[in-house]
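Residues per chain, in single letters:
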Amino acid sequence: MSMDPNNPYAPVGGAGVVPVDGKFPPDVEKKIEAVIKDARQFWLAILLCFLCSGIGFLIIGPWYLVRLVQWNSLNSQFPGLQDPNALPGSIERRFQSSFWKLIVGLVAGVLLFMSVFFFVVLTAATATPRP
């Protein structure tokens with residue numbers, strides 16, 4: 001049963017995404033959703049880096065660093081995002097769970113970049129000079 005007397009069919013929880021109900025301004029809500037979306041796709045980003053290699057190795061680290069900085073900024077600006085009793089599927093819960101995913105994406109990006117860098121250095125160092 002819904003808690004809203006004006007709309008008896010409004011969702012109040014359960015599976016899926018819980019409505020935000022105007023807790024955040026629309027532009028901030030878009031930023032929050034963008035951070036959450038990128039954090040959810042960290043496995044896909046890492047997989048694409050392996051499959052496509054090349055420029056993906058250079059982009060994934062800085063991309064997740066920027067998203068982590070955005071996450072930290074939003075987290076400090078809006079204390080409502082830090083609610084430990086948020087409903088499952090709510091924007092607050094999804095935002096808080098995106099932190100570890102951003103960290104994993106950043107670490108994977110740094111490790112991938114370092115591995116490519118060391119591979120290039122090793123290849124250059126072991127190459128025999130031509131007469």
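Position numbers for residues count from 1 along each chain, tracking the sequence in the order it is written. Only residues with pLDDT of 70 or above have their local features reported here, since the model is predicted, and side-chain atom pairs are shown and tallied only from 80 upward, although totals for entire chains, interfaces and linings are computed over all residues. No hydrogens and no water enter the side-chain calculation; it runs on all heavy atoms of the structure.

1. Points about the confidence of the model for the chain
Regions with low pLDDT carry predicted coordinates that are not meant to be interpreted in detail. We count it as follows: Every residue gets a pLDDT, meaning the predictor's confidence in that residue, from 0 to 100. Comment: elements are numbered from the N terminus, with helices defined as DSSP H or I runs of at least four residues and strands as E runs of at least two. We call two residues in contact whenever any of their non-hydrogen atoms come within 4.5 Å of each other.
Of all residues in the chain, 81% attain a pLDDT of 70 or more, and the chain-wide mean is 81. Per-element confidence in the chain is highest for helix α1 (residues 26–40), whose mean pLDDT is 90, and lowest for helix α2 (residues 42–52), whose mean pLDDT is 80. Contacts from residues 14–20, a stretch scored under 50 in pLDDT, to residues over four places away or in other chains number 13 contacts.

2. Thoughts on the packing of aromatic side chains
By convention here, two paired aromatic rings are described through the distance between centres and the angle between planes. Under the convention used in this document: Any pair of Phe, Tyr and Trp rings, taking the six-membered ring for Trp, is counted once the centres come within 6.5 Å. Such a pair is stacked with planes under 30 degrees apart, edge-to-face with planes over 60 apart, and tilted for the rest. Here the term buried applies to any residue with accessible area under 20% of the maximum for its type, exposed to any over 50%, and partly exposed to those in between, with areas from a 1.4 Å probe on protein chains only.
Overall, the coordinates contain seven aromatic pairs when judged by the stated rule. Geometrically, the ring pair formed by Phe42 and Trp43 is tilted, given 4.7 Å between the ring centres and 40° between the ring planes. Owing to a relative accessible area of 2%, Phe42 belongs among the buried residues under this scheme. Both rings, one in Trp71 and one in Phe99, keep their centres 4.6 Å apart while their planes meet at 40°; by these two values the pair is tilted. A residue pair is termed long-range when its members are at least 10 positions apart, and Trp71 in helix α3 (residues 55–77) and Phe99 in helix α4 (residues 91–126) qualify at 28 residues. In this structure Phe99 comes out as partly exposed when scored by relative accessible area, which is 35%. Members of the aromatic cluster, joined through ring pairs, are Phe42, Trp43 and Trp100.

3. A look at the side chain of Lys101
Quick note on the threshold: Neither His nor the chain ends is counted toward charge; the positive residues are Lys and Arg and the negative residues Asp and Glu. In the sections that follow, a salt bridge refers to a side-chain nitrogen of Lys or Arg positioned within 4 Å of a carboxyl oxygen of Asp or Glu.
Tracing the backbone through its elements, the reader meets Lys101 in helix α4. Of the side chains bearing the opposite charge, Glu33 lies closest to the buried Lys101, which forms no salt bridge; the N-O distance is 11 Å. With residues near it in sequence (within four places) discarded, Lys101 still touches Ala39, Arg40 and Phe42.

4. Observations concerning the pattern of salt bridges
Once the charged atoms of two side chains with opposite charge are near each other, the side chains can pair. Tallied over the full model, the rule gives two salt bridges. Residues Glu33 and Arg94 are paired through a salt bridge, measuring 2.8 Å at the closest nitrogen-oxygen approach. Note that Glu33 is positioned in helix α1 and Arg94 in helix α4, a separation of 61 residues in sequence. Residue class for Glu33 comes out partly exposed when judged on its relative accessible area of 27%. Here Arg67 makes a salt bridge to Asp38, at a shortest N to O gap of 2.5 Å. Here the residue Arg67 occupies a position in helix α3, and Asp38 occupies one in helix α1, the gap between them amounting to 29 residues. By relative accessible area, Arg67 is classed as buried at 14%. The buried category is assigned to Asp38, whose relative accessible area is 8%.

5. A look at the environment of Val28
Take Val28: it is sitting in helix α1. Ignoring anything within four residues of it in the chain, the contact list for Val28 reads Leu74 and Phe78.

6. Observations concerning α1
Short version of the rule: Here, expected helix span is obtained from the residue count minus one, scaled by 1.5 Å. Arc definition: it is the arc formed by the directions from the helix axis to the C-beta atoms.
Its 15 residues place the ends of α1 21 Å apart at the C-alpha level, agreeing with the 21 Å of an ideal helix rising 1.5 Å per residue. Within α1, the full set of buried residues consists of Val28, Ile32, Val35, Ile36, Asp38 and Ala39. Along the long axis of α1, the arc covered by the buried residues comes to 165°, so they all point the same way. Opposite the buried face of α1, by more than 90 degrees, sit the exposed residues Pro26, Lys30 and Arg40.

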